[in-house]
Every structure is written in C-alpha cells, then in structure tokens.
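# Chain and residue survey
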Amino acid sequence: MSGDGGSHPAGKAIAWIDGPTPQGTWGDPDRLCLPLNDRGLLLADGLFETVLIEGGEPRLLAEHLERWRVSAASLGMAPPPRADRVRPLLAEAVARSGLSGSGALRLNWSRGSGAGRGLALPAPDAPQGRQRFWLQLSPWTPNSTPVTVIVSALERRNAASLVSRCKTFAYAGAIQALREARAAGAEDALLLGSGGDLCCGTSANLLLRRRGDWITPPVESGCLPGVMRGRGLALGLVREERLSVADLLESEAALLINSLGCRPIRRCGTTDLPAPAGALDLWKRLLVSS
C-alpha cells in the first residue's frame, strides 16, 4: 500500500515513461503526461507497486515484482516489466534525482490505450492495445509517527472482489475514508470488510498484538496482501485471524504497516491504545530479504 505523512530527504522527484522512443522519456513528474485515452487514466485500469529505496537500492524488489506479476495475470493484463528492466531505470532515476537518503519508487503498469471507448476489452483474437509502463522516484523518509484512527462508517472493502486482492490504481474508497477520518479529527481510517470484520487501513495493513503475538486479518477479509504483511507471515512473526473492532480496542498494541513505514495506532475513536514496544524493529526485520 502507499505511504502517507513521511518527511522528505535531499533530492528531487524524477519520473520516466515508456515511448515514444525505445529509451522512453525522463522528466519532472509534473510535466510528463499520459495519453488521454489511457485506460489507467480513464478507468483506473492498472496496477502499481511502491518500493522503499535505501542507499540507492530497492528493498524487497523481488517480492514487489512477484505481486505485480500475479496481480496482472489475475486481471488479464500482459506481464509487467521484470527486474532486468526495472533495475537499470531505477539506477538512472537515483542518479538523475540526486537522492542522498531514502526514497519511494512507484512502478505503474496500465492496460494502456487501444481498446476503444467503454469498459469492454478487445476480443482475445483482436489487437490488445498498448500496455504502458512508467515510474516515479521521490525522496522519502520512512514514517513511524503514532496515528489516531476511526473505523470508517462509509467505506468497506469487498471481501469477494478479485480487485481487492490487487494493488490497482483505484483508491477512491480509501480517499473518502481518509476524508471521513480527517473530518472527525483523526489522522486515518480503518476499513471493515464486507463481512463486517476488521480489514486494513486506507493505505496499510493492520497488525494487532494479542497475548504477545502479532495478528493480521486474512486476505478473505478483503485486505490487500501487502508485501510487508506477507513477509511477517513467511517469517512466522505474524499469523492470520479474523479480527473485530472489539479485538482492536482490547489489544496490547496495534500497527499500520506498509513498505514505506510502520505507524503505531495510539487511539481509535475515543479509546487509547498501548504503545507497542519494538514496532520499528519488527518493521526493519521484515525489510530484510530471505
């Protein structure tokens, strides 16, 4: 999931988009453009990954690219670029940006142009249009600031939706839940799944500590299978379990976690939550590739 609220080290944002030449085009993110008929722009028909960059190197790039690939296959999109395409572009982006600390790399893969107007995709035996790849590198400092939250009463994640399991461009629901939170005087919102269980934050997975164990909602709740969440499960540091709002309010600690930060939840609604010990150490441990 994308991050929110971090500080920004030295360097400038830089972007690249493929075409019109084989080398693509570099430039300021405010100046590069998508064609107006790109389905990513018109219909949010695309996928992205957000990767932490430290010392010029991506953290957990293989895990991000694998989720990107699996998501594209699930949604009937062509395979997105592999590491041998991404790494040289990342190295050039770091050089062009003058990045001296950490950064956030966003990789974007759109179904692109050429399908014509409307929702329908071309028939399998018809030309499929041109997929489109672009990236942006921005200075970023990982965020560990405690956060206040509410449970959104307006937005829910669809537990049965294929799209809920993919990191697509479509974040309108999360944006509205965040608006709801800010209007209530909180900094973020937690989302329930369509079955009524706790699911995730607007841009991060949720972890609760109970009896000394870290627990996260299962994918069946409607949460995105986040890369950091997956690392916790793979390392045996986190386990899945259905969670309710009551579980959160009675927990020993709670975190919102993604590739760009680890934010303890200090209050949900009017209930204060304990400060988690070792939360940042847990996040750093998850960043180390196996």
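Anyway, here's the lowdown on the structure attached to this text.

## Examining the overall build of the chain
In terms of helices and strands, the chain carries seven helices and 15 strands. Here the C-alpha radius of gyration of the chain, 19 Å, is about what a compact globule of 290 residues would show, namely 19 Å. For the chain, with 290 residues in total, the buried portion stands at 50%. Excluding contacts between residues fewer than 6 apart, the proportion of contacts in the chain whose partners are at least 24 apart in sequence is 73%. As displayed, the chain has an accessible area near 13300 Å², and 54% of this comes from carbon and sulfur atoms. Separation of charge centres in the chain, based on 33 positive and 28 negative side chains, amounts to 2 Å.

## What to know about helix H3 (residues 83-97)
The end-to-end C-alpha distance of H3, which contains 15 residues, comes to 20 Å, matching closely the 21 Å that a straight helix rising 1.5 Å per residue would cover. For H3, the complete set of buried residues consists of Val-86, Leu-89, Leu-90, Ala-93, Val-94 and Ser-97. Here the buried residues of H3 occupy an arc of 145 degrees about the axis, which is enough to place them on one side. In H3, the exposed residues that point more than 90 degrees away from the buried face are Asp-84 and Ala-95. Just past H3, the residue Gly-98 takes up positive phi, approximately 70 degrees.

## A look at the environment of Pro-139
Tracing the chain through its elements places Pro-139 in strand S6 (residues 130-139). As for Pro-139 and Ser-102, which are separated by 37 residues in sequence, their C-alpha atoms are 6.2 Å apart.

## What about the packing of aromatic side chains?
Geometrically, a pair of aromatic rings is defined through the distance of the ring centres and the angle of the planes. Tallying each qualifying case throughout the model produces five aromatic pairs. Plain terms: the ring middles of Trp-134 and Phe-169 are 5.8 Å apart, the flat faces sit at 55 degrees to each other, and that makes the pair tilted. Residue Trp-134 is found in strand S6, and its partner Phe-169 is found in the loop between strand S7 (147-157) and helix H4 (172-183); the two are separated by 35 residues along the sequence. For Phe-169, a relative accessible area of 16% gives the class buried. Ring pairing ties together the aromatic residues Phe-48, Trp-134, Phe-169 and Tyr-171, which thus form one cluster. Across the ring face of Phe-48, the terminal group of Arg-106 is positioned such that the distance to the ring centre comes to 3.7 Å.

## Examining the sheet that holds strand S2 (residues 25-27)
Two orientations exist for strands paired in a sheet by backbone hydrogen bonds: parallel and antiparallel. Taking strand neighbours across the sheet as the criterion, the six strands line up as S2-S1-S6-S5-S3-S4 in an open arrangement whose pairing is antiparallel. A strand with exactly one partner marks an edge of an open sheet, and here the two such strands are S2 and strand S4 (57-58). Here strand S3 (residues 46-54) runs beside S4; their pairing, made up of two bridges, is antiparallel. Its bridge partner being in S4, Glu-54 is matched across the sheet by Glu-57.

About the thresholds
Residue indices follow the written sequence of each chain, beginning from 1 at its first position. Local features in a predicted model are, by the rule used here, given only for residues with pLDDT of at least 70; side-chain atom pairs are given and counted only at 80 or more, and totals for whole chains, interfaces and linings are based on all residues. Computation of side-chain values covers all heavy atoms of the structure but excludes hydrogens and water. In this description a helix means any DSSP run of H or I spanning at least four residues, a strand means any run of E spanning at least two, and both kinds are numbered starting from the N terminus. When we talk radius of gyration, it's over C-alpha atoms, and the globule rule is simply 2.2 Å times the number of residues to the 0.38. Any residue under 20% of the maximum accessible area for its type is buried, any over 50% is exposed, and the rest in between are partly exposed; the area is computed with a 1.4 Å probe on protein chains only. We call two residues contacting when some pair of their heavy atoms lies within 4.5 Å. Exposure was quantified through the Shrake-Rupley algorithm and a 1.4 Å probe, taking into account, for residues, occlusion by the shown protein chains and nothing else. For the charge count, each Lys or Arg is scored as positive and each Asp or Glu as negative, with His and the chain ends excluded. For the purpose of locating charges, the reference atoms are NZ of Lys, CZ of Arg, CG of Asp and CD of Glu. By this rule, a helix spans an expected 1.5 Å times one less than how many residues it contains. When we speak of the arc, we mean the arc of directions from the helix axis to the C-beta atoms. Two aromatic rings, drawn from Phe, Tyr or Trp (for Trp, its six-membered ring), form a pair once their centres lie within 6.5 Å of each other, and the interplanar angle then sorts them: stacked below 30 degrees, edge-to-face above 60, tilted otherwise. Sitting over a ring, as applied to charges here, requires NZ of Lys or CZ of Arg to be within 6 Å of the ring centre and within 35 degrees of the ring normal. When DSSP locates at least two bridges between a pair of strands, those strands are taken to pair.

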